[in-house]
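Residue strings, one per chain:
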Amino acid sequence: MPRIKDALFPLRKRSRYLLFCAVMLAVLFVLLILAAGLGSVSLPFETIRSIIVNTVMKKEVYPVTWEESAETILLGIRIPRILTAFIVGAGLTLCGILMQALTKNPLADPYVLGISHGASAGAVSVIMYGYLKFLGGYGTMVGAFCGAVISIALALKIAAIRNKVTATQLVLAGIAVSALFGAITNFMIYHTKTGSDKVKTATYWMMGSLSGASWEKLKYATIAFVICLILILFLSKGLDVLLLGDDVAVTVGVNTERLKMGIIILATLLTGVIVSISGTIGFVGLTIPHITRSIVGTKHKRLIPASVLVGGTFLVAADIISRVAVAPEELPIGVVSAFFGAPFFLYLIRKSHGTFGG
């Protein structure tokens, strides 16, 4: 009997994993419909279905009984925003998984290591001073990526002692770098004329916003996300071994230095792209991996796809709340994510000693 139970255990675990993913897909589908219909202008499900089908089929499958503005709202504003919300949530979750594996700390995410604050400072400098004007709308994206690269490079330089970087040193250095770039960002805003549109844009953007979502930005964010996701999946076994400790990883033949550098590069690239299109949205990369890990386990081959699904679904839900909570005004999505994430962060602090043990 014990042998039969041992043989059935992996099957039960796999079934639970597949069931969880199926449930999350169903929840995501419902939220996508709600997100498309809700807002300052409500769109009924029949109209949403008809517009999408007609657009995909490129012919009038359903007779046009809606106003032209409904198509503009749905196809030009809401759908790119919904998809952007999913990519941003999934991307932040991926970054959180990478940072937690790198530092072996369940409380780590791109914000802790200063990457997000560096990206924010780079993007705000473009908004406030008009740097990189020749890049047009991509200037903010490039500025955010440059800021992310500078911040993580500075954190690594500070953390290096005798050419060796430990997880604790990197976290402490990241906290210092976060504070530094946060101060730089606030300084830029403070020394710009109060009440100007640039100050309002930068301030709102720093709290997280998807109001500027577009098909063009979504395209490049999706490309970066998919590339990083594929590469991270290839690294999944290495991430599993890394959690056991550097000594164990070296013993089984893992090049820890190369793996860590790969993690840092991927997290920096993805964070820079995400921050450039959504601003700073906290707690997603911190809490979602932990929640998902408690359900599907610590194996990254399962954890990564499931977390991506949960993170994207969570931010779609948060975006719905941000649009309807104070309608017709819009609440910064970073405020919504913090409202739900902060209490869970306090819970993590009390329970973090057992996070990687299950």
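Nothing here was measured: the structure is a model prediction, and the numbers come from that model. (Residues numbered from 1 in each chain as written. Predicted model: local features only at pLDDT ≥ 70, side-chain atom pairs only at ≥ 80, totals over all residues. Heavy atoms only, no water.)

Chemist: What should I look at first to understand the environment of isoleucine 33 in this one?
Modeler: Within the secondary structure layout, isoleucine 33 lies in helix α1 (residues 2-37). By relative accessible area, which is 27% here, isoleucine 33 ends up partly exposed. Residues isoleucine 33 and glycine 262, spaced 229 residues apart in sequence, show a C-alpha to C-alpha distance of 37 Å. Apart from the residues lying within four places of it in its own chain, the contact partners of isoleucine 33 are Phe45 and Ile48. (Helix = DSSP H or I, 4+ residues; strand = E, 2+ residues; numbered from the N terminus. Buried < 20%, exposed > 50% of the residue type's maximum accessible area, 1.4 Å probe, protein only. Contact = heavy atoms within 4.5 Å.)

Chemist: Before we go on, may I ask you to explain the environment of isoleucine 320 in this structure?
Modeler: Within the element layout of this structure, isoleucine 320 appears in helix α13 (residues 300-324). Residues isoleucine 320 and isoleucine 82, 238 residues apart in the sequence, show an inter-C-alpha distance of 8.9 Å. When near neighbours in sequence (up to four residues on either side) are disregarded, isoleucine 320 contacts Leu31, Leu34, Ala35 and Leu38.

Chemist: Quick question: what am I supposed to make of the pattern of salt bridges here?
Modeler: This structure, assessed with the given rule, holds 4 salt bridges. For aspartate 319, the salt bridge goes to arginine 81, with nearest N and O atoms at 2.8 Å. Within this pair, whereas aspartate 319 is found in helix α13, its partner arginine 81 is found in helix α3 (residues 68-103), the two being separated by 238 residues in sequence. For arginine 81, a relative accessible area of 8% translates into the label buried. When the shortest N-O distance is used, the salt bridge between arginine 323 and aspartate 319 registers 3.4 Å. On the criterion of helical spacing, the pair formed by arginine 323 and aspartate 319 is a turn pair, its members being 4 residues apart in helix α13. Given a relative accessible area of 2%, aspartate 319 falls into the buried group. Counted as one network, the salt bridges with shared partners bring together Arg81, Asp319, Arg323 and Glu330. (Salt bridge = Lys/Arg side-chain N within 4 Å of Asp/Glu carboxyl O.)

Chemist: Please clarify how helix α4 (residues 115-129) should be interpreted in this entry.
Modeler: An α-helical segment advances 3.6 residues per turn. Residues three or four places apart therefore align on the same side. With 15 residues, α4 ought to run about 21 Å at 1.5 Å a step, and its terminal C-alpha atoms sit 21 Å apart, in line with that. In terms of burial, α4 is largely enclosed, as 13 of its 15 residues are buried. Of the residues flanking the end of α4, it is glycine 130, one or two places downstream, whose phi is positive at about 70°. (Expected span 1.5 Å × (residues − 1).)

Chemist: I tried to follow the side chain of serine 209 on my own but got confused; where do I start?
Modeler: As for its position among the elements, serine 209 is in the loop between α7 (197-206) and α8 (215-234). On the basis of relative accessibility, which here comes to 5%, the residue serine 209 falls in the buried class. Within polar-contact distance, the side chain of serine 209 engages the side chain of serine 211 at 2.8 Å. Those residues in contact with serine 209 that lie beyond four places of it in its chain are Tyr204, Ile277, Ser278, Glu330 and Ile333. (Polar contact = N/O pair within 3.5 Å; in protein donor to acceptor, adjacent residues only side chain to side chain.)

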